[in-house]
Structure formats: C-alpha cells, structure tokens
Amino acid sequence: MNQILLINPPFNIAKDNYDSSVSVGLLSIATYLDFKGVPVKIVDGVRQKNFPKIFKEEAAASDLICFSVMTMQIPKALELSELAKKINPRCRIIWGGAHPTFFPEQTARHGLIDAVVIGDGEYAVYDLACEADWKNVKGIAYEDGAAVKINPPQRPLEPEKMPLFNWELEPREILENLSLIPTLTSRGCPHRCTFCINAILKNNWRPRTVEQVLSDLKIINDKPYFKNKKLRFWDENFFVDIKRAKAIVGGMIERGLKLPWETTVRANYISTAMVDDDFMKKMKQSGCYLLSFGAESGSQIVLDKIKKDITPEQIIYAAKQCLKHDIIPQFSFMVGLPGELKSDMKLTLNLIDRLIKLSGKVQILGPQAFRPYPGSELYLECTASGWSAPESLEAWSHLAKNQLNYLQVKNFNWVKHKDFVDSMEAYVRFGAHSLNSAMGSSVKAQKFLKLAFVLICQLRWKLKFFAWPIEFKLAKKFITK
Ligand code: B12
Ligand code: SF4
C-alpha cells in the first residue's frame, strides 16, 4: 500500500489566527492509521517552510491525498487538489474537516474531489485506504454519475480505544517552533447551544480514560522540543465528568506532570457542585493558567434563545473565582443573531465593561459576528430572512478569497443594525482595552493612523456611541487592501 498524505492547507487570513497550534484532528487520524500499519505522512502548508517542494514530492508518492478544510482554507485546498492531480493523475483526493462536514453534497460535486468524509475521519480514512469499492465505506459522500451518494454514518469514534498520540508523525520543524502544544482528552459535548458545531452535528461527549490522558501528558513532558511550552486541552468540554477531570488534575500533581495548561469551561460549571474552590486550587497547582469561557451575550433573552443555559451573573462569578485563584479568565462573545435587538447588544457591551473593570487580567475575544451553520434552528431563521449560503464550492472559494471573513455582515438580511454589528469587534478590541494593548495588537497599520483610530475607539467605547462608523469603514478598507 502506498502512503496516505494528510494536508493542512494554507489560509488566506492573518497568520496570528492560526499560528499557535497544529491540527489535533490530523494528528489523531495519522496516529490511528500508523497504529493500523498504514503508511501515513502529515504535511502542513501553514507552518512548513519548504511546503510547495515537500507537497510535490509527497503527492507524487501517495495514493490518497487528504485535505483538512475550514472555510478559509478552500481556495488553497482547491489549488493544491488540482496540482496533486497534475503531478499524480491516479491519486484520489479526499476532503474532510469542518467545511466539508457542513456541506458534503456541494463539496462532493466538485470535479477534483473523489470523496468527502463527514465528521470524524479516523475510521473512514482507514476504510478508504483498505476498501477497493467505496460504496461500502461509511461516513462518506461521493459523486455517482449525476447524483451525490451519501453513505450511512460511521460508527461513533471511541476515544478510549484510540492509541496515544504519536508526535513523531508531525514534521519535526513544526514541533520545534510550536508555541502551544495541542492535546485532547475527550470528543464532543452534551450541551445544546444552538449555534455550536457540536450541538448541530450531535457530537456526544466521549472521554479518553484518565490513564490515557496522563500517558499522553507524560510523553509530552518527556519531549525535549516541548520543554517550557504551554499546553491546551482542545476539548469542547473538559469538565463534563467532574470526577474524571479531578483525577486527571490530581494525577498531574502526583506524577510531577505540572505543565502550564489552558482549556475551555462553561460559566455554570464554576460552582460548589462542579469546579469549586478546592478544585481550582488544585488546577492552579497543576499548572492551569487560563480558562476560556463561551460567554456569548450579556442578554438573558439571547442566552436563552441560543440555549446556552448560563446567566450573566454566572459569567461574572466565574471571572471572580478565576481571579481569586490567579487564573486568567478569557471570555468570547458574539453578536448579530437572528432576532437580537440593539438593546441586547448593549447588554453585551455592559457585561464586557463589568468584566474588564474586575481586573486588567480579564481577556475578551470578540464580539464576533454570528455566522450560521446548516442544520440548526438559527440557520432556518437566517434563510427565512432571505439570506442563503453559497451553493457551490467555487462560490465559497470566491468568497474566502476576496473577503477578510468568509461571510460578510452586509449580506446578513436578518441583522437590523449591520454597521453596529460589523464595527463592534473593532470598538471593543481597540476601545475597551488599555491603550498599550490596543496599540500592540497584530493589525498592521501606520503608527499614527493606528493611534488616531484607537483613540477614537476609546472615546466611542466610553460614550457607548457607535453610530456612523465612518472611521471604521475607512480603516477596514485600508487594511483589507
Ligand atoms: C483547535 C481549533 C483551531 C486551532 C487548530 C486548527 C486546526 N486546523 O485544527 C486553531 C487555533 C489554529 C484554529 C483556528 C481557527 N479556527 Co478553529 N477550531 C478549533 C476547534 C476549537 C477544535 C478543533 C479540534 O482540534 N478538534 C478536535 C479534532 C480531533 O477534531 P477536528 O479538528 O474536527 O478533526 C476531526 C474531523 O473534523 C475530521 N477531519 C478533520 N480534518 C480532516 C481531514 C480529512 C481529510 C478527513 C478525512 C477528516 C478530517 O477528522 C478529525 C479527527 O476525528 C474547532 C471547533 C470544533 N469543535 O471543531 C474550531 C473550528 C474548526 N475553527 C473554526 C474557525 C472559524 C477558526 C478560525 C477561522 C477562527 C478565527 N476567526 O480566527 C481560525 C483560523 C482557521 C481558519 N482560517 O479557518 C471553525 C470552522 C468553521 C468553518 N466554517 O470552517 C470551528 C468549527 C469553530 C466554530 N466556529 O464553530 N482553530
Ligand atoms: S457548551 Fe460549548 S461546546 Fe458545548 S454545545 Fe455549548 S457552545 Fe458547544
């Protein structure tokens, strides 16, 4: 059997968004294939210096060439798929990851793509490598004559049966330059937030065992190239089984695996019943330095609508508890949901203000504009307003190539205050934080122009006046160019 090639294609957005971490998804697929004796190679277009040369060499030597694709990777993934077919006309091209999973049919229709994997890729790629007839492979979509066939789903992945991550399968130059070590202790989430990929795809929560997690951490701890680096548990929800979470943290302390680590947690979990004072103390002791919360909104009406099952007061309490234990609390927000009023968005701004006033250590991400995924109640509301998603992969590619973000707020029919939603992220980012951190942001612009823009943002933030965002439009035009 010839090798299977797994590709992380380059993006066409600012490098700061993706530079910190590698894809655990590809590492997990590669680890499984290697464990099953299938030759496999990961090539990373985002991080490998000689990527074009490496890609050509490896594509010539591979039977199956598999691309991991988020929406903003489509243009490059298409270019590379075309190049692969030129270099190696007999190779077969597979696409998987977030975008193809949401849009399997239109992705499979593209002439360059032989099959699309829907959802987790470990079992499906293994089957594609072993089965001559793809009709029997579960969890894939492919073109069959004029129709697209969508086969029945794969059996759910069982993380506790998966081998330990094999880091030797990642290109060494990436590991040496990585700033955040990615790992995973579970898949999926049991909650029901209507905007979220996990709830939409019904990704049930499935854990790795405590012993597996501690063994993964021991391997990481012993690698010379990971010395003094921070680690992220990229779980959707690390704390679902609180006994398991406590056993992992306890095991890290007992076995001397005290790595600086961060992960995501729900605000309502910070309570005496789940993540209490005693556990937070132990988390800090084991190396936890940051907890990331999906706060989403300051409006209870919006939180209820998206079935987030938290309250603004729980968000404030969570922040206070983190600060008490010297853990950085990080909160992400979104705006522009169907039915959301300006008054709801103002409540979000007020909540951000309250959080920032607690301490300079509090980190705020967003508010980002909500972007709908098919298969959700919210998506139906968006389409009912007259909006529709692009209908072909080429149309998505065109969007991703020509815009800073893959769906522009100006086209969102369900948003009443488009300017307000579009500019809010900038006004929070440059207005609510200190002048120093706003000036230090990664957005590249001439120093004095940036200072002028930041000062206006700070004034607007103080006055909570966001109408006529003329300077934002100018800045955006300038930066997009
Ligand atoms: C970790 C993560 C990152 C990391 C690593 C990215 C990476 N390449 O893996 C970093 C920080 C770099 C990152 C960056 C961004 N991300 Co991100 N990220 C995630 C997150 C939180 C977890 C992904 C993960 O590791 N899961 C665990 C692994 C095991 O699962 P997985 O990655 O899904 O992989 C499995 C399957 O998808 C499948 N699979 C994946 N690739 C392939 C390829 C093939 C060939 C096959 C067969 C199968 C397959 O098999 C894998 C193993 O089972 C997800 C949320 C989520 N729940 O998916 C968002 C998510 C993937 N990110 C998203 C976005 C939007 C971004 C950003 C654009 C955000 C931003 N605004 O800056 C950036 C930039 C990337 C970009 N330009 O698209 C979106 C993607 C939506 C979309 N339409 O494509 C998601 C879904 C979050 C969301 N908003 O809902 N991200
Ligand atoms: S708690 Fe987080 S991961 Fe779980 S469904 Fe809600 S948003 Fe998604």
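Residues numbered from 1 in each chain as written. Chains lettered and ligands numbered in written order. Predicted model: local features only at pLDDT ≥ 70, side-chain atom pairs only at ≥ 80, totals over all residues.

Caption draft 1: Seen up close, the sheet that holds strand β15 (residues 363–369). Strand order in the open sheet formed by six strands is β8-β11-β12-β13-β14-β15, with parallel pairing between adjacent strands. Among the strands making up the open sheet, the edge pair consists of β8 (180–183) and β15. Averaged over all adjacent pairs, the angle separating strand axes in this sheet is 20°, with direction ignored. Where strand β12 (residues 261–264) and strand β13 (residues 288–296) come together, four bridges link them in parallel fashion. (Pairing = 2+ DSSP bridges. Helix = DSSP H or I, 4+ residues; strand = E, 2+ residues; numbered from the N terminus. Axes fitted to C-alpha atoms, helices over the stretch in contact; angles between N-to-C directions.)

Caption draft 2: The domain arrangement of the protein, seen in detail. Domain boundaries assigned for the protein yield domain 1 (4–150), domain 2 (179–384) and domain 3 (417–481). For domain 1 versus domain 2, the distance between C-alpha centres works out to 29 Å. Each partner contributes residues to the interface: domain 1 has eight residues there, and domain 2 has eleven residues. Here the side of domain 1 that touches domain 2 takes three residues from helix α4 (residues 98–102), the largest share from any one element. (Domains from an automatic or database assignment. Contact = placed C-beta atoms within 7 Å.)

Caption draft 3: Quick look at the site of ligand 2. The local shell around ligand 2 consists of Cys189, His191, Cys193, Cys196, Asn198, Ala199, Glu236, Asn237, Arg266 and Gly294. In the shell around ligand 2, the residues fall into four nonpolar, four polar and two charged. (Near = placed C-beta within 6 Å. Nonpolar A, V, L, I, M, F, W, Y, C, P; charged D, E, K, R; others polar.)

Caption draft 4: How the structure looks around the sheet that holds strand β6 (residues 140–144). Judged by pairing direction, the sheet is mixed, and its seven strands sit side by side in the order β2-β1-β3-β4-β5-β6-β7 without closing on themselves. Single-partner strands in this sheet number two, and they are β2 (40–44) and β7 (147–150). For this sheet the average axis-to-axis angle between neighbouring strands, irrespective of direction, equals 25°. In terms of strand pairing, strand β4 (residues 92–96) meets strand β5 (residues 115–117) through two bridges, oriented parallel. When the sheet's bridge partners are listed, Trp95 is paired in β5 with Val116. On top of the sheet, helix α2 (residues 51–60) reaches β1 (3–8), β2 and β3 (62–68); it is set at about 155° to β2, its chief contact.

Caption draft 5: Structural context of unusual backbone geometry. Note the cis peptide between Gly366 and Pro367, where omega equals 0°. Phi at Lys464 is positive, roughly 50°, even though this residue is not glycine. Structurally, the position occupied by Lys464 is in the loop between α19 (447–463) and α20 (470–480). One non-glycine residue with positive phi stands out, namely Trp468, at about 45°. Here Trp468 is to be found in the loop between α19 and α20. Taking the number of C-beta atoms within 10 Å as the measure of exposure, Trp468 has 10 and is therefore exposed. (Buried ≥ 20, exposed ≤ 12 C-beta atoms within 10 Å, placed from the backbone.)

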